[in-house]
Amino acid sequence: TAEGRPAVAATLRALSAALGGPAGLWVKESSARNLRHRDFLAPRAALRAAFSGGQVPPDVIAGVTSASGPGALRVRGCQQTGAGLAVQLRRPEAFRQLLGPPPATEPPHTARPGQEPGQEPGQEAVVLHCPALRRPAALAPRHLRPVLLADHLAQLLRAQGVSAHLVPAVSDQGSLEVLQQLRVEWPCGGATGPDAVSALKQALSRCPYAAACEPCTASLPEDVVCKVYLKSFVEQQGLVGYDPNLDVLLVTEGKLRSLAELQQAVLQCTVSDPAVLPGSHSPDGSRCSVVHVVSCEEEFQQQQMDLLWRILDPGAHTASQKHLVCGPVKVTNPSFPIGADQYFQLRKRQMYDASVMKYGELAHDEAWTEVIETLTVAAIRFELLSTAHRSQLTLDLEASSISTKGTKSGAFVMYNCARLATLFDTYQRAVEQGTYPPLPPASTLNFSCLREEGEWLLLFNYLLPFPEVLQQAAQLPAPSKGLRITANTEAVCKFLIQLSMDFSSYYNRVHILGEPFPHLFDQMFARLHLLGAVRDVFHRALATLHLPPLSQI
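Below or above, wherever it landed, is the structure these notes cover. Not measured: the values here are computed from a predicted model.

Parameters at a glance
Here the residue index of a chain counts from 1 through its sequence in written order. Residue-level local features of this predicted model are given only where pLDDT is at least 70; pairs of side-chain atoms are given and counted only at 80 or more, and the full residue set underlies all totals for whole chains, interfaces and linings. Here the side-chain values reflect all heavy atoms present in the structure, with hydrogen atoms and water set aside. By definition, any uninterrupted DSSP run of H or I lasting at least four residues is a helix, any uninterrupted run of E lasting at least two residues is a strand, and each is numbered from the N terminus. Note on classification: 1.4 Å probe, protein chains only; a residue is buried when its accessible area is under 20% of the maximum for its type, exposed when over 50%, partly exposed between these limits. Contacts are residue-level and defined by heavy atoms, with any inter-residue pair within 4.5 Å sufficient. For accessible areas, the Shrake-Rupley method is used with a probe of radius 1.4 Å. Any residue's cover is judged against the shown protein chains and nothing else. We treat two strands as partners when DSSP finds at least two bridges between them. Only the stretch in contact is used when fitting a helix axis, every axis being a line fitted to C-alpha atoms; angles between N-to-C directions are given from 0 to 180 degrees. Expected span of a helix: the number of residues minus one, times 1.5 Å. The salt bridge criterion pairs a side-chain nitrogen of Lys or Arg with a carboxyl oxygen of Asp or Glu, the two atoms within 4 Å. Pairs of cysteine sulfur atoms within 2.5 Å are what we label disulfides.

### Concerning the overall build of the protein
So, point 1. The secondary structure content of the protein amounts to 19 helices and 13 strands.
So, point 2. Out of the 553 residues belonging to the protein, those deemed buried represent 50%.
So, point 3. When contacts within the protein are restricted to residue pairs at least 6 apart in sequence, long-range pairs at least 24 apart make up 75% of them.
So, point 4. Carbon and sulfur atoms provide 52% of the accessible area of the protein, an area that totals close to 25,300 Å².

Structure (structure tokens):
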């Protein structure tokens, strides 16, 4: 079909156009209770504002019933109820559209999740800067929050075809080992070239806000270069959103090296010719933005660096810096200060103990070691990423906080992903033994046999909106005021947790692989296609968290 894949936003646009009201008038239903009666609702209060007495004319209702448009799902029926104007979709057609063959042509500017296509003219690029990885000391659990968030955000951006670059390159061996344990794909490397630092020193020598430090001051750092009056710059430029306590900054060699590395990252993003200075636009029209992913404890220091960079390297790329700030991480029940490596080992031991309680003594082989490590990484990533980034996060180090049974944990998500793998392995073995025929193409199936409410729940709440969930999670809106931005970085974890709960409920209730009678095959095949699509959603969402799907637990 030339109309492309169905989408929630496209359906809402078609319904709004038919009703003649604002785009936000319609509500997509999601609860199993409401979905028994309707799929979309224009609430009664909104109808009163749009129509006299809140009564929708018959011709408008007829228009909603025939609403259509690119990517819009077709309407089966529309009626005015006590709750408002209720719409139910043509569900068998929706199953066929979403589970059948993909459209012959993809819409323009669409990228598959997990892909990082070659940068095209006009494509955006983002530098994600995580100052926590510049620390000379060992990483603590609170430093992992911005690191894992930046890593996840990079994957989400790449899934949308945006080129994402992570900074700084890590050279500390201890930090690299922690990142590898957590399956964080972060660049590693050495120091920034001296030429870039020299260029910044030259800019400092011409800077009206810089001044030499008094000689023979014992309290000054050894590598101090000069001091810069940040407050004067903020006041003169009329900048808003900066901490009022920012005043004089002692500029050191280390700070200049950090800025030089950021400059190099922007240069790689935006300029094909290294001789051209970086700016907001490169010769090919691509745009680069810089996002500092910081903990609230690092925010003040990063604002200092933000201003220093603006002063020494004026341009659109420094003027549009964004700060994505993570709330504090509170660790409960620590018997001693715990490092990131100890935190990983503690969670790994707890995950092993919880798995032994659930499955009995585990084989000490490579396969189970891999399973436990994957479950541990999943537990930590969900623990640190499923809360909105600006909110405080509490880490409970007690063993009871890690479980294979809790429905809101990473282990629960991985468990349900493994259940799907087991289902399809079982089916494939049965096919090889001649019990079932091979799965026919979706285009040959009759999806009207999918009438169990859990089946529509999986399609309507997860398969349909999944591309939009990824897209919204990758959005980095401009700050409404000041420097801070808010991103929906918790969206994918929450989506996976809710998907796991609804899939688990359906799977426990419905027997997928039934008796091998031909008259039952149509329904079994339709359900297998549905669950195959659910499995793909699991895999694509987990890929943004660098979590491989498990084939067994």
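### Observations concerning the sheet that holds strand β2 (residues 40-43)
Strand pairing in a sheet relies on backbone hydrogen bonds. The paired strands run either parallel or antiparallel.
So, point 1. Taken together, 4 strands build an open sheet; the order of strands is β1-β2-β4-β3 and the sheet is antiparallel. Two strands bound the open sheet, and with one partner strand each, they are β1 (27-28) and β3 (75-80).
So, point 2. Pairing analysis gives 5 bridges linking β3 to strand β4 (residues 84-89), with the strands arranged antiparallel. Residue Gly77 lies in a different strand from β4, and its bridge partner there is Gln88.
So, point 3. Packing against the sheet, helix α1 (residues 8-19) makes contact with β1, β2, β3 and β4, and its axis sits at approximately 45 degrees to β2.
So, point 4. Helix-sheet contacts for helix α4 (residues 58-65) involve β3 and β4, and the interaxial angle to β3 is about 155 degrees.

### Considerations on the environment of Lys322
So, point 1. Note on placement: Lys322 falls in strand β11 (residues 322-326).
So, point 2. Judged by its relative accessible area of 14%, Lys322 falls in the buried class.
So, point 3. Ignoring sequence-local partners within four residues, the contact set of Lys322 consists of Val290, Val291, His292, Leu476, Pro477, Ala478, Pro479, Leu483 and Ile485.

### Remarks on helix α18 (residues 491-509)
So, point 1. The terminal C-alpha atoms of α18 lie 27 Å apart, and with 19 residues this matches the ideal 27 Å at 1.5 Å per residue to within 8%.
So, point 2. Against the buried residues of α18 lie α6 (141-159), α14 (366-385), α15 (410-432), α16 (453-463), α17 (466-473) and α19 (518-543).

### A short note on the pattern of salt bridges
So, point 1. One pass over the full model with this rule turns up 14 salt bridges.
So, point 2. Arg134 serves as the salt-bridge partner of Glu261, at 3.1 Å between the closest nitrogen and oxygen. You can see Glu261 sitting in helix α10 (residues 253-270) and its partner Arg134 sitting in the loop between β5 (124-129) and α6, a full 127 residues away along the chain.
So, point 3. Its relative accessible area of 16% is what places Glu261 among the buried residues.
So, point 4. Residue Arg134 is classed as partly exposed on the basis of its relative accessible area of 27%.

### What to know about the state of the cysteines
So, point 1. Scanning the model with the defined rule gives 0 disulfides in all.
So, point 2. Its sulfur unpaired, Cys207 is 7.6 Å from the next cysteine sulfur, which belongs to Cys226.
So, point 3. On the basis of relative accessible area, Cys207 is assigned to the buried category, the value being 9%.
So, point 4. Cys288 carries a free sulfur, and the closest cysteine sulfur to it, the one in Cys269, is 3.8 Å from it.
So, point 5. Overall, the relative accessible area of 6% leaves Cys288 in the buried class.

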